[in-house]
Amino acid sequence: MERIVVVGAGHMGSVIVRGLLDGLPGVEVVIVEPSAERRASPDGRAEVAAAYDPRPGDLLVLAIPPQAFESFADGLSPKACADTTVVSIMAGVRLETLASALGTDAVLRAMPNLASRVGQSMTVLCPGGQVRPDGVERAERALSVIGRVLVVRDESLLDAATALVGSGPALVAYLAQSFMGFARGSGFAAADALVLTSQVLRGTADLLTEPGVTPESLYRQASTPHGTTAEGIATLREHRVGESVRAALEATTERARELAG
Ligand SMILES: NC(=O)c1ccc[n+]([C@@H]2O[C@H](COP(=O)([O-])OP(=O)(O)OC[C@H]3O[C@@H](n4cnc5c(N)ncnc54)[C@H](OP(=O)(O)O)[C@@H]3O)[C@@H](O)[C@H]2O)c1
């Protein structure tokens, strides 16, 4: 039976485990979590272990903090990962570092996001050059239980993906806070303000998936000359909101690059 081992039962690890249990019923799922307190398996369907006990052919998903990686790798026996495909979701830990610390070239990096909690992650997956196509497919299939997966071959794209995808929900939530504040200030109750804001975001996201629709075509279509939306867009331009958002993404990317060393 195929086995997937998830190391780290924190926010992301737990969500991935739940997704695997629900989405890939024929797969054996094991959680590795050294903390006895956290070792309570989500709904008891997954096996829980205090340490990784390798089995040939494992898919190992590393969902631990980057600063815990060195001690995790040091705790493994020298050939532990020789026949393992490793997917790391740790921000900023390069493929080269993973491969040399784990003693295998079958390493992939992935950048998911918080929307995995609602099955709507956008995950960018980058395989190392030595990963066989079936290894990429396996990793893609495992991560698709938490949302959509885009495979890229250029590892340097992961710094931008960390900003766009990893930090994306927080950046969008910050902008959504202005919609909320406006709705509250206009007299809507807090609960209604949240429904209005979230439904506008959801509807816009769905419109952008229609064939031929782009952000520009959408806002141009909605902006009749001298109409209300045109006034709003003109004000956003005047305040250089587009440039500010781009600067925020560039600063986030730069920080991701610095942290990766
Ligand atoms: N949260 C996000 O939106 C997001 C997005 C993309 C990528 N990531 C990446 O995902 C990883 C996990 O993030 P998170 O938010 O889930 O963090 P988290 O909630 O702090 O979870 C990390 C878990 O790993 C456990 N752990 C630490 N060292 C371990 C070891 N040696 N062996 C096994 N388990 C160990 C921790 O246990 P203790 O608490 O007992 O130490 C904790 O349960 C990070 O590397 C982060 O960069 C997160």
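Whatever comes next refers back to the structure up there.
Once a new chain begins, its residue numbering starts again from 1 and follows that chain's sequence as written. Only residues with pLDDT of 70 or above have their local features reported here, since the model is predicted, and side-chain atom pairs are shown and tallied only from 80 upward, although totals for entire chains, interfaces and linings are computed over all residues. As a rule here, side-chain values cover all heavy atoms of the structure and leave hydrogens and water aside.

Undergrad: Got a minute to help me understand the site of the ligand in this structure?
TA: H11, M12, E33, R38 and I64 are the nearest of the 23 residues found near the ligand. Nitrogen and oxygen atoms within 3.5 Å of one another constitute a polar contact, given that in protein one can donate a hydrogen and the other can accept it, and given that sequence-neighbouring residues count only through two side-chain atoms. Here an oxygen atom of the ligand sits 2.8 Å away from a polar atom, N or O, in the side chain of H11. In this structure, E33 approaches the ligand through a side-chain N or O atom, which is 2.8 Å from an oxygen atom. Only the protein chains shown count as cover for residues, and all accessible areas are computed by the Shrake-Rupley method using a 1.4 Å probe. Against a free-state accessible area of 900 Å², the protein chains account for coverage of 76% of the ligand. Of the residues assigned to the shell around the ligand, the class counts are 17 nonpolar, 4 polar and 2 charged. Any residue with a non-hydrogen atom lying within 4 Å of a molecule or strand is treated as near it. Gly is placed with the polar residues, together with every amino acid not listed as nonpolar (Ala, Val, Leu, Ile, Met, Phe, Trp, Tyr, Cys and Pro) or charged (Asp, Glu, Lys and Arg).

Undergrad: Help me out: how do you make sense of the environment of R109 in this one?
TA: The numbering of helices and of strands both runs from the N terminus, where a helix is a DSSP run of H or I of at least 4 residues and a strand a run of E of at least 2. When you line up the elements, R109 lands in strand 6 (residues 107–111). For every residue, the accessible area (1.4 Å probe, protein chains only) is compared with the maximum for its type, and the residue is labelled buried under 20%, exposed over 50%, or partly exposed between those bounds. Here R109 falls in the buried class, since its relative accessible area comes to 2%. Each C-alpha atom, one on R109 and one on P25, is 24 Å from the other, the two residues being 84 residues apart in sequence. Between two residues, a contact is recorded if the distance between any of their heavy atoms is within 4.5 Å. Not counting residues within four places of it along the chain, the set of residues in contact with R109 comprises S88, G92, V93, R94, L95, L98, V124, L125, C126, E155 and L158. Polar side-chain contacts of R109 include one of 3.1 Å to the backbone oxygen of V93.

Undergrad: How should I be thinking about the layout of surface pockets in this particular structure?
TA: The gaps of empty space that remain are located by a probe, the size of a water molecule, rolled over the atoms. Here the second largest pocket defines a volume of roughly 630 Å³. Cavity means a closed set of points on a 1 Å grid over the protein atoms alone, one where a 1.4 Å probe fits but cannot get out, pocket means an open set with protein on both sides within 12 Å along at least 5 of 7 lines, and lining means a residue has an atom within 4 Å of a point. The wall of the second largest pocket is formed by 31 residues, among which V7, G8, A63, I64 and P65 lie closest to the centre. Taken together, the residues that form the lining of the second largest pocket break down as 21 nonpolar, 8 polar and 2 charged. Grid points are joined across faces, edges and corners, and a volume is the space filled by probe spheres set on the points.

Undergrad: Hey, could you run me through the pattern of salt bridges in this one?
TA: Charged atoms that come close allow side chains of opposite charge to pair. A pairing counts as a salt bridge when a side-chain nitrogen of Lys or Arg comes within 4 Å of a carboxyl oxygen of Asp or Glu. Applying the stated criterion across every chain, the model contains 14 salt bridges. Residue R257 pairs with D159 through a salt bridge whose shortest N-O separation is 3.8 Å. One end of the pair, R257, is in helix 10 (residues 241–260); the other, D159, is in helix 5 (residues 157–166), and 98 residues separate them in sequence. Residue class for D159 comes out buried when judged on its relative accessible area of 5%. Members of the salt-bridge network, linked through shared partners, are R94, D159, E254 and R257.

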